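# Breakdown of the fold
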Amino acid sequence: MEKENVQDALLKELAGLECLLVSYSGGIDSTLLALLAQKVLQDKVKCILFDAPLVPRRAVKEAEENAQKFGISCSIIPFPILENEEFRKNSPNRCYICKKQSVRILKDQAEKLGISKIADGINASDLNEYRPGLQASNEEGILHPFLSLGIQKKQIRQLAQDCDCDFWNKPSSSCLASRIPYGEEITVEKLQTIENAENSLHDLGFSNLRVRLHGKIARIELLPEELEKAINMRARILEVLQDCGFSYITLDIKGYRSGSMDEVL
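Just so it is clear, the model here is predicted, and its values are computed rather than measured.

Turning our eyes to something else, we now look at the overall build of the chain. Summing up its helical and strand segments, the chain has eleven helices and seven strands in all. Relative to the 2.2 N^0.38 estimate, which gives 18 Å for 265 residues, the radius of gyration of the chain is 19 Å and therefore close to what a compact globule would have. For the C-alpha atoms alone, the extent of the chain along its principal axes is close to 55 × 40 × 35 Å. A burial count over the chain gives 51% of its 265 residues as buried. Intrachain contacts of the chain at a sequence separation of at least 6 include 71% that bridge at least 24 residues.

Next comes the structure, spelled out in structure tokens:
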């Protein structure tokens, strides 16, 4: 499908919804979805941004700033997922549990707003990864406009660039719990340690990265082109990550890859 036809098909599908509540994270997918929906539905589009310890503070702030910048009608809702004992156990079904709880909140908000349709930014590229949350979304009737049209991540980036969105090449993000091995309890302290470590590496000039937590060991995943830079800066990296509470600092020479914790499943 040509890029012009992709956008036309999206706008046509969104226009047929009449009104829409978007599960908004501030990432490229949900932001573009909100903008395109607003283009055809105008003020009949509302967005919900969940705020929880799973979400880096930087991400919440950027999402809020983007909403203001692009005129997205967005409400920030606290998401107390860590009160759920089954979620904290961190089984491979963790994302399913999380999505079920978040959808309940979305449906409550949609009912209050008089909106019958809820959508998210899941796209065809997401099918290449382990996504138990997608099953939960499908069970609850959440719409996936990008996925239904077979639109992949690279097409979304191109659409965003064509729409003059400065976030078109923004690195992908994910919840902080994805840095903790399955079976190890998720706690606020662990999430904060991970967030502090990743913030420290971003401040050192590294781009798309993950700090995976293995007890007192930090396993750093960086883009392959940044591995040499990390070796040259190893003394500084050791200093800042030890300040975050890690005793041992390791560099994963396989490099950054989304969902690396799923490789053991």
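What follows deals with helix H2 (residues 28-41). Between the first and last C-alpha of H2 there are 20 Å, a value that for 14 residues agrees with the 20 Å anticipated at 1.5 Å per step. Extensive coverage of H2 is indicated by the burial of twelve of its 14 residues. Looking only at H2, the buried set comprises Ile-28, Asp-29, Ser-30, Thr-31, Leu-32, Leu-33, Ala-34, Leu-35, Leu-36, Ala-37, Gln-38 and Leu-41.

Looking now at the nonpolar core. In this structure, Leu-54, Phe-87, Leu-201, Phe-206, Ile-237, Leu-241 and Phe-246 are the most contacted members of the largest nonpolar core, which totals 44 residues. Those elements that place two or more of their residues in this core are strand S2 (45-51), helix H5 (94-113), helix H9 (188-203), strand S5 (209-214), strand S6 (217-222), helix H10 (227-232) and helix H11 (234-243). Considering every element that reaches this core, the biggest residue donor is H5, with six residues. Sequence-distant contacts of Phe-87, defined by excluding residues within four places in its chain, comprise Leu-54, Ile-81, Leu-82, Arg-94, Ile-97, Cys-98, Ala-177 and Ile-186. Val-6, Ala-34, Ala-119 and Cys-165 belong to the second-largest nonpolar core, a separate cluster that totals 31 residues.

Among the structural elements, Lys-190 can be located in helix H9. Residues Lys-190 and Phe-167 lie 23 residues apart in sequence; the distance between their C-alpha atoms is 29 Å. Sequence-distant contacts of Lys-190, that is, excluding residues within four places in its chain, are made with Ile-180, Glu-184, Glu-185 and Leu-213. A distance of 2.8 Å separates a polar side-chain atom of Lys-190 from the backbone oxygen of Glu-185.

What counts, and where the lines are drawn
- Residues numbered from 1 in each chain as written.
- Predicted model: local features only at pLDDT ≥ 70, side-chain atom pairs only at ≥ 80, totals over all residues.
- Heavy atoms only, no water.
- Helix = DSSP H or I, 4+ residues; strand = E, 2+ residues; numbered from the N terminus.
- Rg over C-alpha atoms; globule rule 2.2 N^0.38 Å.
- Buried < 20%, exposed > 50% of the residue type's maximum accessible area, 1.4 Å probe, protein only.
- Contact = heavy atoms within 4.5 Å.
- Expected span 1.5 Å × (residues − 1).
- Core = buried A, V, L, I, M, F, W, Y, C linked by side-chain atoms within 4.5 Å.
- Polar contact = N/O pair within 3.5 Å; in protein donor to acceptor, adjacent residues only side chain to side chain.

On their own, these measurements won't tell you what the molecule is for.
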